[in-house]
Amino acid sequence: MKLSVIALALVASIGAAQAQTQPHPYAMNQAPVAAPASAPGWFTRLPEDTADMIFSAAVGSSVDEQMAYDKARIQAERKLVEMMSSRVRSNVKSYRNDRGDNMQESTEIVVNKTADGELIGAQRVDSQATFDGRVYRVYVLLRYPLAQNNSLRKEREGAQSKRESDLRAARAQQDLERETQRQRTEAEAADRRLKEEIGPRSDAPAPAATPAQTVNTTEGPVKLMDVDNAEYKQKRAEALTKPGAVIGQTTVR
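Throughout this document, residue positions are counted from 1 along each chain, in the order its sequence is written. The model is predicted, so local features are restricted to residues of pLDDT at least 70 and side-chain atom pairs to those at 80 or more, both for listing and for counting; the totals for chains, interfaces and linings are taken over all residues. Based on all heavy atoms of the structure, the side-chain values leave hydrogens and waters out of the count.

Let us now look at the pairing of strand β4 (residues 123–131). A pair of strands is considered paired only if DSSP assigns at least 2 bridges between the two. Under the DSSP-based scheme used, a helix requires at least four consecutive residues in state H or I and a strand at least two consecutive residues in state E, with every element numbered from the N terminus. As defined by bridge partners, β4 adjoins strand β5 (residues 136–145) across eight bridges and the pair is classed as antiparallel. Bridge pairing in β5 links Gln 123 to Arg 143. From the end of β4 to the start of β5, which pair antiparallel, there are four residues, and Gly 133 there has a positive phi angle of about 95°.

Spelled out as structure tokens, the structure:
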């Protein structure tokens, strides 16, 4: 009796195990789980910097492969700029309070790191991309040639130097023309002064004085006041041509 019960229980357990291993006919498809890819060796251990070049590596991740590459490249370029022109300033504040058997101490450290530089001629040495079914992960290795090894930077600096030389030459030419004109003007002015001081005088007769204008009135001829204001004379002449014009004279003693 006991043996039959044990055999029945064993058969039931085997049937349950088979039912669990069989997939459901309408079960959801499971996405394959990809094994995480390891980082390349040059990312964990950068190539050694030399006197001719320095290296930088970075990683970027995104659902878009191009965006992941751009993020990694920007991070690597930022590291190169920091290596060449970073400035670090730190401010440390320390406070200590002693109260017999109880002492309190606190320290505050503020670090400010800034980098401002121009990166020309950075070269991509290697890159590696992985995809886990959802996110792209891109590793980028950059190399930056130094000094005379950077052909792009040499070309850029050469063009900038030529531009500066052209501007300096144009400024020098302008200054030379201004100085030449100034000297010519001064020489002409000095020559005129010299002619006025010791040169021959002009024999042309002095201009004759303009006779004073006389107007006939009912009281006889009246001599108009002689003035040098040409505008006043013109207005006076126009007024005298009008009918019923009146001429008044006042003598102040």
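Here the narrative resumes.
Side-chain rings of Phe, Tyr and Trp (the six-membered ring for Trp) are treated as a pair once their centres are within 6.5 Å; stacked means planes under 30 degrees apart, edge-to-face means over 60, and tilted covers the remaining angles. Taken as a whole, this structure holds two aromatic pairs when the rule is applied. Centre to centre, the rings of Phe 43 and Tyr 139 are 5.0 Å apart; their planes meet at 70°, and the pair counts as edge-to-face. Of the two residues, Phe 43 sits in helix α2 (residues 41–44) while Tyr 139 sits in strand β5, which places them 96 residues apart along the sequence. Think of it in three bands: residues with accessible area under 20% of the maximum for their type are buried, residues over 50% are exposed, and the middle band is partly exposed, with areas taken using a 1.4 Å probe on protein chains only. For Phe 43, a relative accessible area of 26% corresponds to the partly exposed category.

Moving on, we get to the pattern of salt bridges. We count a salt bridge whenever a side-chain nitrogen from Lys or Arg sits within 4 Å of a carboxyl oxygen from Asp or Glu. A complete count under the given rule lists seven salt bridges for this structure. The salt bridge partner of Glu 231 is Lys 235, with a shortest N-O separation of 3.6 Å. Residue Glu 231 and its partner Lys 235 are both found in helix α5 (residues 230–240); the two are separated by four residues, about one turn of the helix. Taken as a pair, Glu 231 and Lys 235 share a single burial class, namely exposed. Look at the salt bridges and you will find they share partners, linking Glu 179, Arg 182 and Glu 186 into a network.

Worth remembering: the numbers are spatial, not functional.
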